[in-house]
Amino acid sequence: GAVVSQHPSWVICKSGTSVKIECRSLDFQATTMFWYRQFPKQSLMLMATSNEGSKATYEQGVEKDKFLINHASLTLSTLTVTSAHPEDSSFYICSARGRAFTSSVEKLFFGSGTQLSVL
Amino acid sequence: GESVGLHLPTLSVQEGDNSIINCAYSNSASDYFIWYKQESGKGPQFIIDIRSNMDKRQGQRVTVLLNKTVKHLSLQIAATQPGDSAVYFCAENFSNQFYFGTGTSLTVIP
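Only a predicted model underlies this, so the values are computations on that prediction, with no experimental measurement involved.

**Some points on the packing of aromatic side chains**
Then step 1. One pass over the full model with this rule turns up 12 aromatic pairs over all chains.
Then step 2. With 5.7 Å between their ring centres and 80° between their planes, Phe89(B) and Phe100(B) make a pair best called edge-to-face. Residue Phe89(B) is located in strand 8 (residues 86-94), and its partner Phe100(B) is located in strand 9 (residues 97-100); the two are separated by 11 residues in the primary sequence. The exposure classification of Phe89(B) matches that of Phe100(B), with both residues buried.
Then step 3. Among the aromatic residues, ring-to-ring pairing joins Phe34(A), Tyr36(A), Phe110(A), Tyr36(B), Phe89(B) and Phe100(B) into one connected group.

And the structure:
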(Lines give C-alpha, C1' and ligand atoms only; values in the text may rest on other atoms or scores of the structure.)
Protein backbone atom coordinates (compact mmCIF):
# COMPACT_ATOMS: atom_id res chain seq x y z
CA GLY A 1 0.00 0.00 0.00
CA ALA A 2 0.92 3.63 -0.33
CA VAL A 3 3.21 5.03 2.35
CA VAL A 4 3.70 8.52 3.63
CA SER A 5 6.92 9.06 5.51
CA GLN A 6 7.07 11.84 8.08
CA HIS A 7 10.28 12.90 9.75
CA PRO A 8 11.29 13.50 12.47
CA SER A 9 8.96 11.59 14.76
CA TRP A 10 9.96 13.56 17.86
CA VAL A 11 11.56 16.94 18.33
CA ILE A 12 12.58 18.70 21.52
CA CYS A 13 13.83 22.24 21.03
CA LYS A 14 14.47 25.46 22.86
CA SER A 15 12.07 28.35 22.61
CA GLY A 16 12.92 30.62 19.69
CA THR A 17 14.35 27.98 17.39
CA SER A 18 12.79 26.86 14.12
CA VAL A 19 11.83 23.29 13.41
CA LYS A 20 11.32 21.69 10.00
CA ILE A 21 9.10 18.65 9.51
CA GLU A 22 9.21 16.66 6.27
CA CYS A 23 6.44 14.69 4.67
CA ARG A 24 7.19 12.40 1.74
CA SER A 25 4.97 10.19 -0.35
CA LEU A 26 7.08 7.13 -1.08
CA ASP A 27 5.33 5.26 -3.87
CA PHE A 28 2.85 7.67 -5.32
CA GLN A 29 2.63 11.26 -6.44
CA ALA A 30 0.73 13.42 -4.02
CA THR A 31 -1.25 16.08 -5.79
CA THR A 32 -2.22 17.63 -2.50
CA MET A 33 -0.75 17.46 0.97
CA PHE A 34 -2.38 18.52 4.21
CA TRP A 35 -0.92 19.52 7.56
CA TYR A 36 -2.75 18.97 10.82
CA ARG A 37 -2.25 19.68 14.45
CA GLN A 38 -3.60 17.44 17.17
CA PHE A 39 -3.87 17.90 20.91
CA PRO A 40 -4.24 14.95 23.29
CA LYS A 41 -7.64 13.29 23.17
CA GLN A 42 -8.79 15.59 20.41
CA SER A 43 -9.43 15.17 16.74
CA LEU A 44 -7.25 16.44 13.91
CA MET A 45 -7.28 20.16 13.24
CA LEU A 46 -6.47 21.10 9.67
CA MET A 47 -3.83 23.81 9.49
CA ALA A 48 -3.20 24.16 5.78
CA THR A 49 -3.54 22.56 2.38
CA SER A 50 -0.70 22.61 -0.09
CA ASN A 51 -0.60 21.83 -3.78
CA GLU A 52 2.66 21.19 -5.55
CA GLY A 53 4.17 24.34 -6.98
CA SER A 54 1.69 26.76 -5.46
CA LYS A 55 1.23 28.61 -2.21
CA ALA A 56 -0.42 26.82 0.65
CA THR A 57 -3.95 27.65 1.73
CA TYR A 58 -4.15 28.23 5.45
CA GLU A 59 -7.14 27.67 7.67
CA GLN A 60 -8.57 30.57 9.60
CA GLY A 61 -6.53 31.38 12.67
CA VAL A 62 -3.33 29.71 11.45
CA GLU A 63 -0.45 32.14 11.04
CA LYS A 64 1.19 31.59 7.68
CA ASP A 65 4.37 33.39 8.74
CA LYS A 66 4.61 31.14 11.75
CA PHE A 67 3.95 27.87 9.97
CA LEU A 68 5.79 27.94 6.66
CA ILE A 69 4.77 25.28 4.17
CA ASN A 70 6.72 24.37 1.09
CA HIS A 71 5.51 21.82 -1.45
CA ALA A 72 8.37 21.77 -3.90
CA SER A 73 7.63 18.47 -5.58
CA LEU A 74 4.88 15.88 -5.97
CA THR A 75 6.49 13.77 -3.28
CA LEU A 76 7.68 16.24 -0.67
CA SER A 77 6.10 18.87 1.52
CA THR A 78 7.70 20.56 4.52
CA LEU A 79 6.27 22.41 7.48
CA THR A 80 8.59 24.80 9.30
CA VAL A 81 7.53 26.05 12.71
CA THR A 82 9.41 29.34 12.96
CA SER A 83 10.56 30.75 16.30
CA ALA A 84 8.80 27.99 18.17
CA HIS A 85 7.35 28.68 21.61
CA PRO A 86 5.97 26.32 24.26
CA GLU A 87 2.41 26.91 23.05
CA ASP A 88 3.45 25.41 19.70
CA SER A 89 4.10 22.08 21.41
CA SER A 90 1.76 19.60 19.78
CA PHE A 91 1.48 16.55 17.57
CA TYR A 92 1.77 17.51 13.91
CA ILE A 93 0.57 15.15 11.19
CA CYS A 94 0.72 15.35 7.43
CA SER A 95 -1.40 13.56 4.90
CA ALA A 96 -1.08 13.15 1.19
CA ARG A 97 -3.79 12.64 -1.36
CA GLY A 98 -2.94 10.52 -4.33
CA ARG A 99 -3.54 7.34 -6.22
CA ALA A 100 -1.43 4.29 -5.48
CA PHE A 101 -0.54 2.50 -8.70
CA THR A 102 -2.74 -0.47 -7.80
CA SER A 103 -5.83 1.62 -7.20
CA SER A 104 -8.21 3.57 -9.36
CA VAL A 105 -9.40 5.59 -6.40
CA GLU A 106 -7.63 8.59 -4.98
CA LYS A 107 -7.09 8.02 -1.29
CA LEU A 108 -5.78 9.94 1.67
CA PHE A 109 -2.71 8.56 3.43
CA PHE A 110 -1.27 9.84 6.68
CA GLY A 111 2.25 10.25 7.96
CA SER A 112 3.21 8.84 11.35
CA GLY A 113 3.20 12.24 13.01
CA THR A 114 5.77 14.45 14.72
CA GLN A 115 5.63 15.24 18.41
CA LEU A 116 7.04 18.73 18.96
CA SER A 117 8.04 19.73 22.47
CA VAL A 118 9.26 23.31 22.91
CA LEU A 119 11.03 24.05 26.18
CA GLY B 1 -9.65 17.55 4.71
CA GLU B 2 -11.44 19.65 7.24
CA SER B 3 -12.09 18.86 10.85
CA VAL B 4 -12.70 20.58 14.13
CA GLY B 5 -10.71 19.93 17.30
CA LEU B 6 -13.21 18.47 19.74
CA HIS B 7 -12.99 16.15 22.69
CA LEU B 8 -13.67 12.60 21.60
CA PRO B 9 -16.56 10.36 22.61
CA THR B 10 -15.46 7.09 24.17
CA LEU B 11 -16.49 3.46 23.88
CA SER B 12 -15.41 0.66 26.21
CA VAL B 13 -15.84 -2.99 25.29
CA GLN B 14 -14.83 -6.28 26.82
CA GLU B 15 -12.13 -8.25 25.07
CA GLY B 16 -13.72 -10.75 22.71
CA ASP B 17 -16.93 -8.78 22.26
CA ASN B 18 -17.86 -7.08 19.03
CA SER B 19 -17.47 -3.31 18.73
CA ILE B 20 -19.59 -0.95 16.72
CA ILE B 21 -18.35 2.55 16.06
CA ASN B 22 -20.66 5.02 14.39
CA CYS B 23 -20.13 8.04 12.23
CA ALA B 24 -22.62 10.52 10.82
CA TYR B 25 -21.46 12.20 7.67
CA SER B 26 -22.63 15.52 6.38
CA ASN B 27 -23.00 15.48 2.63
CA SER B 28 -25.41 13.24 0.76
CA ALA B 29 -23.29 13.60 -2.39
CA SER B 30 -20.18 12.12 -0.76
CA ASP B 31 -19.11 9.18 -2.88
CA TYR B 32 -16.29 7.55 -0.97
CA PHE B 33 -15.65 6.85 2.69
CA ILE B 34 -12.66 5.69 4.72
CA TRP B 35 -12.21 4.47 8.29
CA TYR B 36 -8.94 5.23 10.05
CA LYS B 37 -7.40 3.94 13.26
CA GLN B 38 -5.07 6.15 15.26
CA GLU B 39 -3.06 4.77 18.13
CA SER B 40 -1.62 7.06 20.75
CA GLY B 41 1.36 9.00 19.46
CA LYS B 42 1.01 7.71 15.91
CA GLY B 43 -0.47 8.88 12.67
CA PRO B 44 -3.82 7.54 11.44
CA GLN B 45 -3.79 4.20 9.65
CA PHE B 46 -6.13 3.24 6.85
CA ILE B 47 -8.47 0.39 7.91
CA ILE B 48 -11.12 -0.02 5.26
CA ASP B 49 -12.95 2.00 2.65
CA ILE B 50 -16.28 1.85 0.86
CA ARG B 51 -17.75 3.56 -2.17
CA SER B 52 -21.23 5.01 -2.17
CA ASN B 53 -22.52 2.36 -4.58
CA MET B 54 -22.07 -0.26 -1.86
CA ASP B 55 -23.88 -0.86 1.44
CA LYS B 56 -21.40 -3.16 3.07
CA ARG B 57 -17.78 -4.14 2.77
CA GLN B 58 -15.88 -6.67 4.82
CA GLY B 59 -12.24 -6.90 5.70
CA GLN B 60 -10.32 -8.95 8.17
CA ARG B 61 -12.36 -8.75 11.40
CA VAL B 62 -13.83 -5.43 10.27
CA THR B 63 -17.00 -4.59 8.42
CA VAL B 64 -18.12 -1.19 7.23
CA LEU B 65 -21.81 -0.48 6.72
CA LEU B 66 -23.09 2.49 4.78
CA ASN B 67 -26.61 3.82 5.12
CA LYS B 68 -27.01 6.60 2.61
CA THR B 69 -30.62 7.28 3.58
CA VAL B 70 -29.62 8.61 6.98
CA LYS B 71 -26.01 9.49 6.08
CA HIS B 72 -24.59 7.04 8.54
CA LEU B 73 -21.45 4.96 8.47
CA SER B 74 -20.48 2.29 10.96
CA LEU B 75 -17.40 0.20 11.63
CA GLN B 76 -17.86 -3.19 13.20
CA ILE B 77 -14.90 -4.94 14.78
CA ALA B 78 -15.38 -8.62 15.50
CA ALA B 79 -13.81 -10.26 18.56
CA THR B 80 -12.24 -7.04 19.77
CA GLN B 81 -8.68 -7.38 21.03
CA PRO B 82 -6.58 -5.15 23.30
CA GLY B 83 -4.59 -4.08 20.24
CA ASP B 84 -7.74 -2.55 18.83
CA SER B 85 -7.69 0.15 21.51
CA ALA B 86 -7.29 3.39 19.59
CA VAL B 87 -9.17 6.34 18.20
CA TYR B 88 -11.25 5.57 15.14
CA PHE B 89 -12.56 8.17 12.76
CA CYS B 90 -14.29 8.24 9.44
CA ALA B 91 -13.65 10.41 6.42
CA GLU B 92 -15.99 11.29 3.58
CA ASN B 93 -14.90 12.39 0.15
CA PHE B 94 -16.98 15.15 -1.36
CA SER B 95 -16.07 17.44 -4.21
CA ASN B 96 -12.51 16.14 -4.19
CA GLN B 97 -12.07 17.02 -0.54
CA PHE B 98 -11.89 14.75 2.49
CA TYR B 99 -13.91 15.69 5.58
CA PHE B 100 -13.35 13.96 8.92
CA GLY B 101 -15.61 12.93 11.74
CA THR B 102 -14.49 13.80 15.26
CA GLY B 103 -13.52 10.24 16.10
CA THR B 104 -14.32 7.74 18.82
CA SER B 105 -11.87 6.53 21.41
CA LEU B 106 -12.18 2.74 21.79
CA THR B 107 -10.88 1.09 24.96
CA VAL B 108 -10.75 -2.69 25.16
CA ILE B 109 -11.02 -4.12 28.65
CA PRO B 110 -9.00 -7.34 29.09
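**Looking at the interface of chain B and chain A**
Then step 1. Facing the 25 residues of chain B at the interface are 21 residues of chain A.
Then step 2. Taking both partners together, chain B and chain A bury about 1900 Å²; carbon and sulfur atoms supply 53% of that area.
Then step 3. Here chain B is connected to chain A by zero salt bridges.
Then step 4. On inspection of chain B and its partner chain A, the count reaches three residue pairs in polar contact (both at pLDDT 80 or more).
Then step 5. Of all the elements in the fold, those that place two or more residues in the side of chain B that touches chain A are strand 3 (32-38), strand 4 (45-51) and strand 9 of chain B.
Then step 6. With four residues, the single largest contributor to the side of chain B that touches chain A is strand 3 of chain B.

**Quick word on the pairing of strand 8 of chain B**
All names here are of chain B.
Then step 1. Most of strand 8 sits out of view: eight of its nine residues are buried.
Then step 2. Strand direction decides the pairing type here: strand 8 and strand 10 (residues 104-109), joined by three bridges, are antiparallel. Bridging across to strand 10, alanine 86 finds its partner in leucine 106.
Then step 3. Across four bridges, strand 8 lies against strand 9 in antiparallel orientation. Bridge pairing links alanine 91 to phenylalanine 100 in strand 9.
Then step 4. Hairpin connection, strand 8 to strand 9: the antiparallel pair is bridged by two residues, and serine 95 has positive phi, about 50°.

Analysis parameters
- Residues numbered from 1 in each chain as written.
- Chains lettered and ligands numbered in written order.
- Predicted model: local features only at pLDDT ≥ 70, side-chain atom pairs only at ≥ 80, totals over all residues.
- Heavy atoms only, no water.
- Phe/Tyr/Trp six-rings, centres within 6.5 Å; stacked < 30°, edge-to-face > 60°.
- Helix = DSSP H or I, 4+ residues; strand = E, 2+ residues; numbered from the N terminus.
- Buried < 20%, exposed > 50% of the residue type's maximum accessible area, 1.4 Å probe, protein only.
- Contact = heavy atoms within 4.5 Å.
- Buried area = accessible area lost by both parts, 1.4 Å probe.
- Salt bridge = Lys/Arg side-chain N within 4 Å of Asp/Glu carboxyl O.
- Polar contact = N/O pair within 3.5 Å; in protein donor to acceptor, adjacent residues only side chain to side chain.
- Pairing = 2+ DSSP bridges.

Worth remembering: the numbers are spatial, not functional.
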